[in-house]
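The chain contents come next:
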Amino acid sequence: MRDYYINGRQVVGMVDLRSDTFTQPTARMREVMANAPVGDDVFGEDPTVNRLEELAARKVGKEAALFVVSGTMGNLIATLSHTRPGDEVILGAHSHIYGYEVGGLARIGGLMPRLVDDAAGTIRPEQVLAALRDDNIHYPPTSLVCIENSHNMSGGRVTDVAGIQALAAVVHERGLRLHMDGARVFNAAVALGVEVTELTQPVDSVMFCLSKGLSAPVGSILAGDGEFVARARKFRKIVGGGMRQAGVIAAAGVIALEEMVNRLKEDHARAQRLAEGLSHIPGVQVMDSNYQTNILLIDIKGTGLTAGQFVTELNELGVRVLTRSETALRAVVHRHIDDEDVDQVIAAFEKVAAV
Ligand SMILES: *Cc1c(COP(=O)(O)O)cnc(C)c1O
């Protein structure tokens, strides 16, 4: 349980399940941020940024990595770096890149999205094959496929190693590139009990967030081969993401990677306990098998309340979640949620559902 600031007002004892982006930097992060050696990163001279980029590349088994401001910037730069304006990109209709990144791939990349159904949390090779166009004077060239792991909108579902390998095989056979929006790829790896490199090695590039469950205050990583990252570095500059003494924030990213990955399993265990507790409440249904990682989708249709009403009632009881639809909520478990909080959330849901 933590004290939170909402619209500048301190709210004592709120259990905030809106997102894992609400995690505060750890004491150790603040310490290393204060003492980080820094330089001008646009000149490649910030030793802490360089250290983070080397560490991040190694962690995901890639030649090189780039520190970027956000996951949105990392995905945008990845799509720009893999394509040319006018190309078609195959991605999920429920993907974050398509739905929640302000249409950057169209506005800035001049790219045409070709959507496939990823409601189940993944994209299968057959879907890519079906979406591919022949070589025809009427058609745009297709150059890129994007996969999201874990998959946010489906409730944090994961694509396993075999699924990624099969997709990569088809994509590469057709001469296309595969980008992974791995905002929470460490959650996926921990949930699957595999090394993250097993999930990232088959793809040409991967973006992951330091700022979500890993608790860094700012920043994401885009990784790939050396040539890709060199191109991405130029595009980062184009979109205004060339930072100077960025080691101050990169230092927290180093701690995120060194100290915060293994503890994600605690979030998953609590998410599971929360899911089990909620599933016994009449009218409340945790949507099928969606507590593999730290994101729960909760259907509250059976309570007769709208999602908006349910959220307002939960707020009164000190619990914050987001609406996902008219009848569904999203709850994300993270470092500031302890066992007691899980009990409080279950009790709050019981109370609201019984009204
Ligand atoms: C959060 C998120 C992003 C974007 O990250 P920001 O740092 O918020 O821009 C991208 N993809 C997925 C799947 C996410 O959950």
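About the thresholds
- Each residue is numbered by its place in its chain's sequence as written, counting from 1.
- Totals for whole chains, interfaces and linings use every residue, but because this is a predicted model, local features are given only for residues with pLDDT of at least 70 and side-chain atom pairs only at 80 or more, for both listing and counting.
- Side-chain numbers here rest on the full set of heavy atoms in the structure, without hydrogens or water.
- Under the DSSP-based scheme used, a helix requires at least four consecutive residues in state H or I and a strand at least two consecutive residues in state E, with every element numbered from the N terminus.
- When a residue's accessible area, from a 1.4 Å probe over protein chains only, is under 20% of the maximum for its type it is buried; when over 50% it is exposed; and in between it is partly exposed.
- Here the nonpolar core consists of buried residues drawn from Ala, Val, Leu, Ile, Met, Phe, Trp, Tyr and Cys, with membership extended through side-chain atoms lying within 4.5 Å.
- A contact between two residues is defined here by any heavy atoms of the two lying within 4.5 Å.
- For two strands to be treated as a pair, DSSP must find at least two bridges joining them.
- Helix axes are fitted to C-alpha atoms over the stretch in contact, other axes to C-alpha atoms as well, and angles between N-to-C directions run from 0 to 180 degrees.
- Residue ranges labeled as domains rest on an automatic or database domain assignment.
- Here the quantity called buried area is the total loss of accessible area, with a 1.4 Å probe, experienced by two parts when brought into contact, counted for both.
- Here, a salt bridge means any Lys or Arg side-chain nitrogen found within 4 Å of an Asp or Glu carboxyl oxygen.
- For this purpose, a residue is taken to be near a molecule or strand whenever a single non-hydrogen atom of the residue falls within 4 Å of it.
- N or O atoms closer than or at 3.5 Å make up a polar contact, with two conditions inside protein: a donor-capable atom paired with an acceptor-capable one, and, for residues adjacent in sequence, both atoms drawn from side chains.
- With residues, only the protein chains shown are counted as cover, and all accessible areas are computed by Shrake-Rupley using a 1.4 Å probe.
- Only protein atoms enter the calculation, which uses a 1 Å grid: trapped sets of points that fit a 1.4 Å probe without letting it out are cavities, open sets showing protein on both sides within 12 Å along at least five of seven lines are pockets, and any residue with an atom within 4 Å of a point is a lining residue.
- Any molecule with more than half of its atoms within 2 Å of a cavity's or pocket's grid points is counted as sitting in it.
- Grid points are joined across faces, edges and corners, and a volume is the space filled by probe spheres set on the points.

Teacher, can you tell me more about unusual backbone geometry here?
What you tend to see is this: most non-glycine residues have negative phi, and most peptide bonds are trans. For the peptide bond that leads from Asn149 to Ser150, omega is -5°, which places it in the cis range. Tracing the backbone through its elements, the reader meets Ser150 in the loop between β7 (142-148) and α7 (161-173). In the Ramachandran plot, Val102 falls in the positive-phi region, its phi being about 60° despite a non-glycine side chain. Here the phi dihedral of Ser215 falls at roughly 80°; this positive angle occurs in a residue that is not glycine. Tracing the chain through its elements places Ser215 in the loop between β9 (205-209) and β10 (220-224). Among the residues examined, Ser215 registers a relative accessible area of 0% and is labelled buried.

Can you help me understand the nonpolar core in this one?
A general feature of soluble globular proteins is that nonpolar side chains tend to end up buried together. Core analysis: the largest hydrophobic core is formed by 56 residues, its most contacted members being Phe67, Val128, Phe186, Phe208, Leu210, Ile221 and Leu257. At seven residues, helix α11 (residues 247-259) tops the list of elements feeding residues into this core. In this structure, Ile221 is in contact with Leu52, Ala56, Ala65, Leu66, Phe67, Val68, Val206, Met207, Phe208 and Leu210, ignoring residues within four places of it in sequence. Judged by nonpolar contacts, the second largest core, of 29 residues, contains Ala271, Phe310, Ala331 and Ile346.

I tried to follow the sheet that holds strand β5 (residues 88-92) on my own but got confused; where do I start?
By way of backbone hydrogen bonds, the strands of a sheet pair with one another, either parallel or antiparallel. Spatial strand order, β4-β10-β9-β8-β7-β5-β6: seven strands in an open sheet with mixed pairing. Whereas interior strands pair on both sides, the edge strands pair on one side only; in this sheet they are β4 (64-68) and β6 (112-116). Each strand of the sheet is rotated relative to its neighbour by a mean of 20°, with strand direction disregarded. Note: β9 against β10, five bridges, orientation antiparallel. Note that in β10 the partner of Phe208 across the bridge is Ile221. Packed on one face of the sheet, helix α10 (residues 226-238) meets β4, β9 and β10 and runs near 20° to β4.

Mind showing me how you'd approach the domain arrangement of the protein chain here?
How big an interface is tends to be stated in terms of accessible area lost as the parts join. Per the domain assignment, the segments making up the protein chain are domain 1 (2-24 + 262-353) and domain 2 (27-259). The C-alpha-based centres of domain 1 and domain 2 are spaced at 28 Å. Taken together, the contact pairs 20 residues of domain 1 with 20 residues of domain 2. Considering only the side of domain 1, the residues that lose the most area to domain 2 are Leu264, Gln292 and Ile295, jointly responsible for 29% of the buried surface there. On inspection of domain 1 and its partner domain 2, the count reaches one salt bridge. Linking Arg184 and Asp20 is a salt bridge whose minimum nitrogen-to-oxygen distance equals 2.8 Å.

Help me understand the site of the ligand, please; the structure alone is not making it clear to me.
As a matter of local geometry, the ligand sits amid 14 residues, with Gly71, Thr72, Asp181, Arg184 and Lys212 nearest to it. Taking Arg184, its side chain carries an N or O atom lying 2.9 Å from an oxygen atom of the ligand. The side chain of Lys212 places a nitrogen or oxygen atom 2.8 Å from an oxygen atom of the ligand. In isolation the ligand exposes 380 Å². Once the protein is present, 86% of that is buried. The cavity that encloses the ligand is the largest pocket. Of all the secondary structure elements, the ones that give two or more residues to the shell around the ligand are α3 (71-82) and β9. Considering each element in turn, the shell around the ligand owes the most residues, three residues, to α3.

So what exactly am I meant to see when it comes to empty space enclosed by the protein here?
Regions of empty space are outlined by a rolling probe, equal in size to a water molecule, passed over the atoms. Considering all chains together, one arrives at two cavities of 30 Å³ or more under this definition. By volume, the largest cavity is sized at about 50 Å³. Around the largest cavity sit Ala183, Arg184, Val185, Phe186, Asn187, Phe208, Cys209, Lys212, Gly213, Leu214 and Leu264, which together line it. Those elements giving two or more residues to the lining of the largest cavity turn out to be α8 (185-192) and β9.

Looking at this structure, how should I read the pattern of salt bridges?
When the charged atoms of two side chains with opposite charge come close together, those side chains can pair. Counted by the stated rule, this structure contains 16 salt bridges. When the shortest N-O distance is used, the salt bridge between Glu88 and Arg133 registers 2.8 Å. Of the two residues, Glu88 sits in strand β5 while Arg133 sits in the loop between α6 (125-131) and β7, which places them 45 residues apart along the sequence. Judged by relative accessible area, which is 27%, Arg133 ranks as partly exposed. The network of salt bridges with common partners includes Glu266, Arg270, Arg273, Asp339 and Asp343.

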